[in-house]
Amino acid sequence: MELTLAIIVTVVGASTPILIAALGELVVERSGVLNLGVEGMMLIGAIAGFVVQFHTGNPYLALLSGAAAGMAASLIFGFLTLSLSANQTATGLALTIFGTGFSALAGSSYSARPVTLMQPLLPSGLADHPVGKVLFGYSFPVYFAFVMVVVIWYFLHKTRAGLILRAVGENDQSAHSIGYSVLGVRYLAVMFGGAMAGIAGACFPLLLTPQWAERMTAGRGWIAVALVVFASWKPFRLLAGAYLFGLVMTMELYAKAGGGVLSVIPSELWAALPYIATVVVLVLISLRRDASTNAPACLGKPFLPTN
Amino acid sequence: MQFRLEKRREPSQFMLYATPVAAVALTMVVGAIIFSLIGYNGVGAVREIFLTPLTNAYKWQDLGVKAAPLIIIGVGLSIAYRANVWNIGAEGQYIMGGLAGTGVALLTWGMTGWWILPLMVLAGVLGGATYAAIPALLKTRLNVNEILTSLMLTYASVQLIYYLIRAPWKDPMGLGFPQTRLFSEAARLPTIIPGTIVHLGVPIAVLVGLVAWFIMTKSVFGYRMRVVGAAPHAARYGGFSEHKTIWLAMLVSGALAGLAGVLEVAGPFQRMVPGFPTNYGFTAIIVAFLGRLNPLGVIIAGVVLAITFVGGEVAQTTIGLPNAATGIFQAMMLFFLLAGDILIKYRLRRVVPQQQAEAA
């Protein structure tokens, strides 16, 4: 019982940043833009969040700084791919390379200096009982991620603005011809995705390991991108996918801690498992017939208004 | 003053080659400004990173050694990107090439013979190609995005290194260090200039670039890659199978990344160590783009990126610039290059305000 509860708590922690980043990317891709720079924006968000948490001790300010930093990084991507119609794949990769270097430089004087982890959101009385802890014992980002799943689903499918965003992603030329600003919508989507990736990155020092380490997101941004495909661009499926991955990653932690049966398998294989699982999941998804038909039709294609 | 983009009738050849040069120049200028703003000696940083490796003859050997893997991997990637195949897992294929070569070196440990090195190289090439075959298979059979699979496999291959050097391949005399034993003499790449660290991999890299240039410009293979990448519909009419092209592009780029890996492990490293993943596979993406996906351009771009690596180390010791700064300079180069690409298809025109135009 104790162990099961502990595992659930760890899974929730591991899943949350992936879910937040993937939600942002889902909105970006629904608008027809493929931003592969999630990993880079997460790293920039992680160092921004860490630095603010280190100096102020205010985790909400840290999350906000992560969001702002991720958004700033996404603007570089937006300017290149939207205003200058640069290749989206290459620009996303460049953003990841940039984010890796930038975060390493900004964090070079902070290594091995601890910060305090974010405290649970709700009053401690609720979390005293084990079951209460599993339901109410988390800090803000966990609940934020859940709320955002609903908010984004509602926005995309029930609001006029969401309809416009999807229209821009499905048929940019038509959306443009009936007077919507394709680039405007895409800029907003890209900035939202950047903010979410930044928050997701800030979750690493605030939620998971209370210190700064170079490349501490360890490919989670890429897993988030893969999850959007897995979820066939649907928010609720994203929730399921992120928690599935959180579970896979948590198995590694338990194997390393010497968790009986799990430790028979070399720890390196456990560490490789999330990445192998991503490949397996992508394969499974591709076997479904509707997989690719769900992708926004304009995904990854540049749009140049013909004035 | 306002500017407007105006479509060119045909892509500008001048801009195609001018933009990479401009990207490097802009990186130096903007880099100097940014690093000054954040409190470093910006001009000094640019001087040390971009110029010292060139002016200090002692650093030239480092340039050759660093440029070799970048060129070899970059040539492979440029062929794949030409065909619109987004292999970004070259780092993993490089690792698998290195591991395959290490396997041969350990199997033949203590033996002598001229055949050991060629066998290692063969193993490395096959190792890289085999690893690239996985995304190729998934892409052609199941239409799984090769960007994500090739990248995920990179993360997995890093763990494979850790496993092998911690358990089955661990040096029995290594005092517990997770690394393999030092390769025998016969499994080490010879240096070609006595007294330097310049190994056989350096001329091989140049040769790879030249051969690839010849193949890409003069053969049906090269034509196929370019046509499939540029005009998939026309390629289908012309009888080029898209699947076969994806396979070729992935295997060639994987094989070359594997070659770079085995040359690195047999050359500079001479044993498998945890630090073998050197990011060459990712930096080679920048090399391929900066070289305009042209093997000859890749040779030059490989040297440019090698300069930043060597210069980054110089700047670290002389002016205390953190090593991570190199990555920022490299990413900036790619940003500026991608931003400049618009000038190939469009030209900037000044917009003359209406009244002014009427008055004139």
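Residues numbered from 1 in each chain as written. Chains lettered and ligands numbered in written order. Predicted model: local features only at pLDDT ≥ 70, side-chain atom pairs only at ≥ 80, totals over all residues. Heavy atoms only, no water.

(A) Molecular detail of the overall build of chain A. In terms of regular secondary structure, chain A is built from 13 helices and zero strands. When the helices and strands of chain A are listed from N to C terminus, the series reads α-α-α-α-α-α-α-α-α-α-α-α-α. For chain A, whose C-alpha radius of gyration is 19 Å, the value lies close to the compact-globule estimate of 19 Å for 307 residues. In terms of its C-alpha atoms, chain A occupies a principal-axis envelope of roughly 60 × 45 × 40 Å. (Helix = DSSP H or I, 4+ residues; strand = E, 2+ residues; numbered from the N terminus. Rg over C-alpha atoms; globule rule 2.2 N^0.38 Å.)

(B) Representation of a nonpolar patch on the surface. Residue and element names in this part refer to chain A. A cluster of nonpolar residues, Val-264, Ile-265, Leu-269, Ile-276, Val-280, Leu-284 and Leu-287, forms a patch on the protein surface that exposes about 620 Å² of accessible area. In this fold, Val-280 is placed in helix α13 (residues 267-287). Note on Val-280: relative accessible area 43%, which makes it partly exposed. (Patch = residues over 30% accessible without salt bridge, like charges linked within 9 Å, V, L, I, M, F, W, Y side chains within 5 Å. Areas by Shrake-Rupley, 256 points an atom, 1.4 Å probe, with all protein chains shown as cover. Salt bridge = Lys/Arg side-chain N within 4 Å of Asp/Glu carboxyl O. Buried < 20%, exposed > 50% of the residue type's maximum accessible area, 1.4 Å probe, protein only.)

(C) Up close: unusual backbone geometry. At Ala-112 of chain A, a position not held by glycine, the phi torsion is positive, near 65°. One can find Ala-112 of chain A in the loop between α4 (88-106) and α5 (124-127). What makes Ala-112 of chain A exposed here is its relative accessible area of 66%. Positive phi outside glycine occurs at Asn-84 of chain B, with the angle close to 65°. The topology assignment puts Asn-84 of chain B in the loop between α3 (60-82) and α4 (90-107).

(D) How the structure looks around the environment of Gly-39 of chain B. Residues and elements named next belong to chain B. By the element assignment, Gly-39 lies in the loop between α1 (13-37) and α2 (42-55). Among the residues examined, Gly-39 registers a relative accessible area of 61% and is labelled exposed. Between the alpha carbons of Gly-39 and Val-65 there is a distance of 32 Å; along the sequence they are 26 residues apart.

(E) Spatial organisation of the interface of chain B and chain A. Residue-level contacts link 37 residues of chain B with 44 residues of chain A. Summed over both partners, the interface of chain B with chain A comes to about 3400 Å²; 82% of that surface belongs to carbon and sulfur atoms. Between the two partners, chain B and chain A, sit one salt bridge. A salt bridge links Glu-268 of chain A to Arg-166 of chain B; the nearest nitrogen and oxygen atoms lie 2.5 Å apart. Connecting chain B to chain A are one residue pair in polar contact (both at pLDDT 80 or more). Here the side of chain B that touches chain A gets eleven residues from one element, more than from any other, and that element is helix α6 (residues 146-166) of chain B. Classifying every residue of the side of chain B that touches chain A by side-chain character gives 31 nonpolar, four polar and two charged. (Contact = heavy atoms within 4.5 Å. Buried area = accessible area lost by both parts, 1.4 Å probe. Polar contact = N/O pair within 3.5 Å; in protein donor to acceptor, adjacent residues only side chain to side chain. Nonpolar A, V, L, I, M, F, W, Y, C, P; charged D, E, K, R; others polar.)

(F) Main features of the packing of aromatic side chains. Counted by the stated rule, this structure contains 22 aromatic pairs over all chains. Relative to Tyr-110 of chain A, the ring of Phe-50 of chain A has its centre 5.8 Å away and its plane inclined at 75°; by these criteria the two rings are edge-to-face. Here Phe-50 of chain A, found in helix α2 (residues 38-56), pairs with Tyr-110 of chain A, found in the loop between α4 and α5; they are 60 residues apart in sequence, far enough to count as distant. Assigned by exposure class, Phe-50 of chain A and Tyr-110 of chain A land together as buried. Aromatic rings pair up to connect Tyr-94, Phe-269, Phe-276, Tyr-280 and Phe-309 of chain B into one cluster. One residue, Arg-181 of chain B, lies across the ring of Trp-109 of chain B, its end atom 3.7 Å from the ring centre. (Phe/Tyr/Trp six-rings, centres within 6.5 Å; stacked < 30°, edge-to-face > 60°. Lys NZ or Arg CZ within 6 Å of the ring centre and 35° of its normal.)

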